[in-house]
Amino acid sequence: MNENKKIIIEKRIQKTGENLRKNNMEFYYAPQKEDVADIVKELLNDGDVITHGGTVSMTECGLNELISSPAYRYLDRSKCAPEEVADLYRKAFFADVYISSSNAITEDGVLYNVDGNSNRIAAIAYGPKSVIIIAGYNKIVRDLEEAEIRVKQEAAPPNCVRLDCHTPCAETGECISLKKDGRQIYDGCGGDGRICCNYLISAQQRHKGRIKVILVGEELGF
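Here the structure is a predicted model, which means the values were calculated and not measured.

Caption draft 1: Representation of a nonpolar patch on the surface. A contiguous nonpolar patch, built from Phe 93, Phe 94 and Tyr 126 and spanning about 420 Å² of accessible area, is present on the exposed surface. Looking at the element boundaries, Phe 94 is found in the loop between α5 (85-91) and β4 (97-100).

The structure is reproduced here in structure tokens:
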């Protein structure tokens, strides 16, 4: 990465991190994705029950080897039969650690997430003792309006392709609502394939430090 661009990105990351702290979330900076595992390890305790949402960012940071260690109890949904997945989603509420990314993070320290099944946003909001959010700098936006656009253009379309959801955004690359006058933040397509069903805005937290955010100086995920 160009050094001048890197300096500006790091300034934006630090600004966002300071505001995350003001909102009672812990903030950590990882210059590169290879640095994330060491940070996460420091946030874990032996014997922790760990699980996660469908996070591409976590996989890109190579965390599977760490959380699969015998030191922890890993609830791995990839090893569940289809009929067992819903039960694992419920078990996540009792986990010690839940790992996820965020669809967007505003510069004033607010997490914005949109889900289909909504197991991920449910766990971020309540249940697991500790929530670790891993996000590349590409997830940082100025405000909630930019967060909405980011989801409709950059997050939902590739996720629909990844999950083989037959939606208009998977075909066109953006949500059909962006062409609608006077649209609402929740506008979108219809049908069983829609993944933008429930919305979570995580602002100042009552339980200080429960949510830990690791911002990475590289692009990660969608």
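Caption draft 2: Looking closely at the pattern of salt bridges. What the rule picks out here adds up to ten salt bridges. Where Glu 107 meets Arg 12, a salt bridge forms, and the shortest distance between an N and an O atom there is 2.5 Å. Residue Glu 107 is located in the loop between β5 (104-106) and β6 (111-115), and its partner Arg 12 is located in helix α1 (residues 3-22); the two are separated by 95 residues in the primary sequence. Overall, Glu 107 belongs to the buried group, its relative accessible area being 15%. Put simply, Glu 146 and Arg 142 hold a salt bridge, and the shortest N to O gap is 2.6 Å. With relative accessibility at 25%, the residue Glu 146 sits in the partly exposed group.

Caption draft 3: View of unusual backbone geometry. Located in the positive-phi region is Ser 118, a residue other than glycine, with phi close to 75°. In this structure, Asp 164 is a non-glycine residue whose phi angle is positive, near 55°. Here Asp 164 is to be found in the loop between α7 (144-162) and α8 (168-172). Here Asp 164 falls in the exposed class, since its relative accessible area comes to 55%.

Rules and cut-offs
- Residues numbered from 1 in each chain as written.
- Predicted model: local features only at pLDDT ≥ 70, side-chain atom pairs only at ≥ 80, totals over all residues.
- Heavy atoms only, no water.
- Patch = residues over 30% accessible without salt bridge, like charges linked within 9 Å, V, L, I, M, F, W, Y side chains within 5 Å.
- Areas by Shrake-Rupley, 256 points an atom, 1.4 Å probe, with all protein chains shown as cover.
- Salt bridge = Lys/Arg side-chain N within 4 Å of Asp/Glu carboxyl O.
- Helix = DSSP H or I, 4+ residues; strand = E, 2+ residues; numbered from the N terminus.
- Buried < 20%, exposed > 50% of the residue type's maximum accessible area, 1.4 Å probe, protein only.

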